[in-house]
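# Observations on the model geometry
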Amino acid sequence: MKNTKDYLKEFENYLYKKEKHPNTIEKYLHDVGFFLDFIQEEKRERTQNVPEKGSDLEKGREPKKGRSERKRGQPKAPGEFDREQVFRYKEHLIQNYKPASVNSMLVALNSYLEFSGNRDFRVQLCRIQKQIFREEEKELSMEEYQKLVRQAEKKGNLRMSCILQTIGSTGIRIGELPYITVEALKKKLVYIQFKGKCRCVILPNSLVVLLEQYCEKNHIREGSIFVTKGGNPVDRRNIWSDMKRLCRETGVSESKGFPHNLRHLFACCYYEKEKDIIRLADYLGHSNVETTRRYTMVSNMEACRGQLELGMLVGQWVAKEAVQENVTGRGSES
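Residues numbered from 1 in each chain as written. Predicted model: local features only at pLDDT ≥ 70, side-chain atom pairs only at ≥ 80, totals over all residues. Heavy atoms only, no water.

## Observations concerning the overall build of the protein
The helix and strand tally for the protein stands at 14 helices and two strands. In the protein, which comprises 334 residues, the share counted as buried stands at 37%. Across the protein, contacts joining residues at least 24 apart in sequence account for 62% of those joining residues at least 6 apart. For the protein, the accessible area works out to roughly 21400 Å², and carbon and sulfur atoms hold 50% of it. (Helix = DSSP H or I, 4+ residues; strand = E, 2+ residues; numbered from the N terminus. Buried < 20%, exposed > 50% of the residue type's maximum accessible area, 1.4 Å probe, protein only. Contact = heavy atoms within 4.5 Å. Areas by Shrake-Rupley, 256 points an atom, 1.4 Å probe, with all protein chains shown as cover.)

Printed below as a string of structure tokens:
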């Protein structure tokens, strides 16, 4: 009889054949493992119930199933779960996790349901109203970014300093760092194959000069620039932990210390300068401009509040000072 590990191994092979990125596979396996554990826990709770006297279960026989009892909600393949259990799992997630996390876990679940032959069991994601302002406690500012870079240099960690500036200058994902090579510097172009897409990233002249100096100092003649002493690509977990450490040392909130925030910062700076969301989508490698819209949000709630002062109140008693204060605040955010 198959156990959870068997199901996950088959699912892992399925994802590899689908050419999913290793990080995506790792995430899906973790989330689906959580789902299968939920199913097993429900089964254990059911077996603890004492069967009624005279029932088939008490006599050690399987209950008889008529044709009418084999409903559409029964599984076709791996997993041994039904539609109602899937719905209960979704409800469990909704009660215990934030909507964005719920949707992330449901995407993995839907992929597993399709793999297991239970396509009809797939569930809809939670609808989340789009937020029109960014959360300041999570968003990395330019000033904070500069603090992290300078602190890395101060500690002599030039590789980390260059990694921060490379992501900040190009908006690439942390998983795309291995594509930043010596050969790419010569062309000032990077061709990236990531998440099933192939795209071209232009390297700014200033970044090329910085990385050429870094390569010269560290005797890097070919291949990926950001590697360990053994020649392997730098581990994303180490980059993550280094950012957290730099945040603690500079007084920047650790909630802002993750590599993807550098991609956000690049996008925000580009949009504020150029106001060209179509080109920004190209630079970020987004197939859908709707994905890019998150980077066009106003920086904070107060700026949004200032934008809503449209002169619609005409009463003489209106506190003009408050209105003017909001307008002034809005101007300082633009």
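Now that the structure has been shown, we can carry on.
## Regarding the packing of helix 10 (residues 260-274) against helix 11 (residues 277-284)
It is at 10 Å that the axes of helix 10 and helix 11 come closest, and there the two elements cross at 155°. Judged by the inter-axis angle, helix 10 sits roughly antiparallel to helix 11. Like other packed secondary-structure pairs, helix 10 and helix 11 cross with a definite hand, here right-handed. For the pair formed by helix 10 and helix 11, the contact residues are Arg 263, Phe 266, Ala 267, Tyr 270 and Tyr 271 on the first element and Ile 277, Arg 279, Leu 280, Tyr 283 and Leu 284 on the second. Its residues placed into classes, the contact of helix 10 with helix 11 shows eight nonpolar, no polar and two charged. (Axes fitted to C-alpha atoms, helices over the stretch in contact; angles between N-to-C directions. Parallel < 35°, antiparallel > 145°, perpendicular 65-115°, else oblique. Left-handed = near helix turned anticlockwise from the far one by under 90°. Nonpolar A, V, L, I, M, F, W, Y, C, P; charged D, E, K, R; others polar.)

## Some words on the pattern of salt bridges
Considering all chains together, one arrives at 15 salt bridges under this definition. With its nearest N and O atoms 2.3 Å apart, the salt bridge here joins Asp 31 to Lys 27. With Asp 31 and Lys 27 both in helix 2 (residues 22-47), this residue pair falls four residues apart, about one helical turn. Among the salt bridges present, the one from Lys 155 reaches Glu 249, with a minimum N-O distance of 2.9 Å. With Lys 155 in the loop between helix 5 (142-154) and helix 6 (158-170) and Glu 249 in helix 9 (residues 236-250), the pair connects residues that are 94 residues apart, well separated along the chain. By relative accessible area, which is 37% here, Glu 249 ends up partly exposed. (Salt bridge = Lys/Arg side-chain N within 4 Å of Asp/Glu carboxyl O.)

## Considerations on the packing of helix 6 against helix 9
Close contact between helix 6 and helix 9 brings their axes to 11 Å; oriented N to C, the two are set at 95°. Overall, the two elements helix 6 and helix 9 adopt an arrangement that is roughly perpendicular. Only Ile 239, Asp 242, Met 243 and Leu 246 of helix 9 make contact with helix 6, whose side of the interface consists of Met 160, Ile 163 and Leu 164. Grouping the amino acids of the contact of helix 6 with helix 9 by side-chain chemistry returns six nonpolar, no polar and one charged.

## Concerning the packing of aromatic side chains
Scanning all chains against the criterion turns up 16 aromatic pairs. For the ring pair Tyr 270 and Tyr 283, a centre distance of 5.3 Å and an interplane angle of 85° mean the geometry is edge-to-face. In this pair, Tyr 270 is assigned in helix 10 and Tyr 283 in helix 11, connecting sequence segments 13 residues apart. Clustering of aromatic rings is evident, with ring pairs tying together Phe 11, Tyr 14, Phe 34, Phe 35, Phe 38, Phe 81, Tyr 89, Tyr 97, Tyr 112, Phe 115 and Phe 121. (Phe/Tyr/Trp six-rings, centres within 6.5 Å; stacked < 30°, edge-to-face > 60°.)

## What to know about the confidence of the model for the protein
Looking at the protein as a whole, the pLDDT averages 81, with 75% of positions reaching at least 70. Low pLDDT, under 50, characterises residues 55-78; the predicted model gives this stretch 37 contacts beyond four residues in sequence or across chains. The low-confidence segment residues 330-334 (pLDDT under 50) makes seven contacts with residues lying over four places distant or belonging to another chain. (pLDDT = per-residue confidence, 0-100.)

## Details of the nonpolar core
The biggest cluster of nonpolar side chains holds 38 residues, and the ones touching the most others in it are Leu 148, Leu 164, Leu 177, Ile 180, Leu 211, Ile 225 and Phe 226. Those elements giving two or more residues to this core turn out to be helix 5, helix 6, helix 7 (182-187), strand 1 (189-194), helix 8 (205-217), helix 9 and helix 10. Excluding residues within four positions of it along the chain, Leu 177 makes contact with Ile 163, Thr 166, Ile 167, Ile 172, Phe 226 and Ile 239. Membership of the second largest hydrophobic core comes to 26 residues, among which are Leu 8, Val 86, Met 105 and Val 123. (Core = buried A, V, L, I, M, F, W, Y, C linked by side-chain atoms within 4.5 Å.)

## Brief notes about helix 11
Every buried residue of helix 11 is listed here: Leu 280, Ala 281 and Leu 284. For helix 11, the arc enclosing every buried residue in end-on projection is 105°, short of the 170-degree limit, so these residues lie on one face. Against strand 2 (197-202), helix 10 and helix 12 (289-292) lie the buried residues of helix 11. Where helix 11 begins, the side chain of Asp 276 points an oxygen toward the backbone nitrogen of Ile 278, at a separation of 3.3 Å. Note on helix 11: the residue one or two positions beyond its end, Gly 285, has a positive phi of about 80°. (Arc of directions from axis to C-beta. Polar contact = N/O pair within 3.5 Å; in protein donor to acceptor, adjacent residues only side chain to side chain.)

## Points about helix 8
At 3.6 residues per turn, the α-helix brings residues three or four places apart onto the same side. Taking 1.5 Å as the rise per residue, helix 8 with 13 residues should run 18 Å; its terminal C-alpha atoms sit 19 Å apart, in good agreement. Among the residues of helix 8, those classed as buried are Leu 207, Val 208, Leu 211, Tyr 214 and Cys 215. For helix 8, the arc enclosing every buried residue in end-on projection is 125°, short of the 170-degree limit, so these residues lie on one face. Structural note: helix 8 exposes Asn 205, Ser 206, Gln 213, Glu 216 and Lys 217 on the side pointing more than 90 degrees away from its buried face. (Expected span 1.5 Å × (residues − 1).)

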